[in-house]
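Chain by chain, the residues:
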Amino acid sequence: MTRIDGHTYLIGLMAYPIRHSMSPTMHNTAFEALNLNFVYLAFDVPTEKLKNGVAAIRTLDMRGSNVSMPNKQAIIPYLDKLDISAELNQAVNTVVNDNGVLTGYTTDGVGFVTDLKKKGHEVAGKKMVLIGAGGVGTPIATQSALDSLSEIRIFNRHDGRFDHAKETVDIINEKTNCQASLTDLADQAALKEALAWADIFCDATGVGMKPLEDQSLVEDPTWFKKDLVVYDTVYAPRETKLMTIAKNAGVDHVYNGLGMMIEQGAAAFKLWTGQDMPIDLVQAAIE
Ligand code: NAD
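Fair warning: this is a prediction, and the values are worked out from it, not measured in the lab.

Undergrad: Can you help me understand the site of the ligand in this one?
TA: For the ligand, the set of nearby residues contains 22 residues, the closest of which are Gly135, Val136, Asn156, Asp159 and Gly257. Asp159 is positioned with one of its side-chain polar atoms (N or O) 2.6 Å from an oxygen atom of the ligand. Protein contacts shield 77% of the accessible area of the ligand, which totals 860 Å² for the unbound molecule. By residue class, the composition of the shell around the ligand is 11 nonpolar, 8 polar and 3 charged.

Here is the structure:
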């Protein structure tokens, strides 16, 4: 912490509750390793205080901030511009302050695509099945579409997120070259057929994480073909029940969401500093 002086740039994380977040450890580890004069701090900011929180970014000339629940949509009216990643999601997880102009980005989708790419799987030209179109599933869908995914079949249960998923499908069909569709998750025959058709399968529901750690949205191992790329956005536990079933079915490429979580941070880090986050060091710091 000796590097803090009168020139240090502040980056925030505004959400509520947020004290459990790994982001301060990730970013401060990276600033220290690269000898960058930045510091990253988490602030409990409920939505009713968000307007003042954004005003603080301007007043204190902070370099930017991450934003998480419940502020990802609520912050939009207080910003000056949205990047296409945030515009397609109507949600923001990263704010960059360029000389008083605040731009909102969503880096979760970039995190997913970059993690897959580093693992040897491009989304361009591929077909994807995605279960769940919430705060994490939506940017996965839109960013993959922006990065030339050819087709996506989204499955969502008929809950409060279904209509939002419909909007996401419409946005992808209107604004990208990817073909998108939405199916009720209750249509299990359609899910089985889609898994046989897909190159990539992503579960972005959180099923498999506590308190649902003994559940999987695909129980039958015969639904997984061996060359399917299986991605669960959950990273605690590191191996979900879905992942175990896929591995036991002989699927070679089965991943949890840890890489995505780190890469979404790395994308924000690059926006603020222009530098590449030292991924291995950061991963070691949060393991
Ligand atoms: P969310 O509540 O916004 O959306 C959840 C989605 O899953 C919705 O579409 C909902 O309909 C669906 N869903 C929820 N429970 C379900 C169930 N039992 N059966 C079928 N569908 C169900 O949540 P979110 O913010 O999108 O987070 C989803 C999960 O992603 C989290 O639980 C967490 O495990 C994981 N996550 C990963 C990262 C990462 O970077 N890897 C970051 C944040 C969250």
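There's plenty left to go through after this.
Undergrad: Looking at this structure, I do not really get the packing of aromatic side chains. What am I missing?
TA: For the structure on display, the rule yields 7 aromatic pairs. With a centroid separation of 6.2 Å and an interplanar angle of 40°, the aromatic rings of Phe201 and Phe224 are classed as tilted. Linking Phe201 in strand 10 (residues 200–203) with Phe224 in the loop between strand 10 and strand 11 (229–232), this pair joins segments that are 23 residues apart in sequence. Of the two residues examined, Phe201 and Phe224, each falls in the buried class. Centroid distance Tyr231 to Tyr255: 6.3 Å. Interplanar angle 50°. Geometry classified as tilted. On the criterion of sequence distance, the pair formed by Tyr231 in strand 11 and Tyr255 in strand 12 (residues 253–255) is long-range, its members being 24 residues apart. Exposure remark for Tyr255: the relative accessible area of 14% places this residue in the buried category.

Undergrad: Got a minute to help me understand the confidence of the model for the chain in this structure?
TA: Caution is warranted with low-pLDDT regions, since their predicted coordinates should not be read in detail. Counting all residues, the mean pLDDT for the chain is 96, and 99% of those residues have values of 70 or more. Scored as a complex, the prediction yields pTM 0.96 and ipTM 0.99.

Cut-offs and rules
- Residues numbered from 1 in each chain as written.
- Predicted model: local features only at pLDDT ≥ 70, side-chain atom pairs only at ≥ 80, totals over all residues.
- Heavy atoms only, no water.
- Near = heavy atom within 4 Å.
- Polar contact = N/O pair within 3.5 Å; in protein donor to acceptor, adjacent residues only side chain to side chain.
- Areas by Shrake-Rupley, 256 points an atom, 1.4 Å probe, with all protein chains shown as cover.
- Nonpolar A, V, L, I, M, F, W, Y, C, P; charged D, E, K, R; others polar.
- Phe/Tyr/Trp six-rings, centres within 6.5 Å; stacked < 30°, edge-to-face > 60°.
- Helix = DSSP H or I, 4+ residues; strand = E, 2+ residues; numbered from the N terminus.
- Buried < 20%, exposed > 50% of the residue type's maximum accessible area, 1.4 Å probe, protein only.
- pLDDT = per-residue confidence, 0-100.

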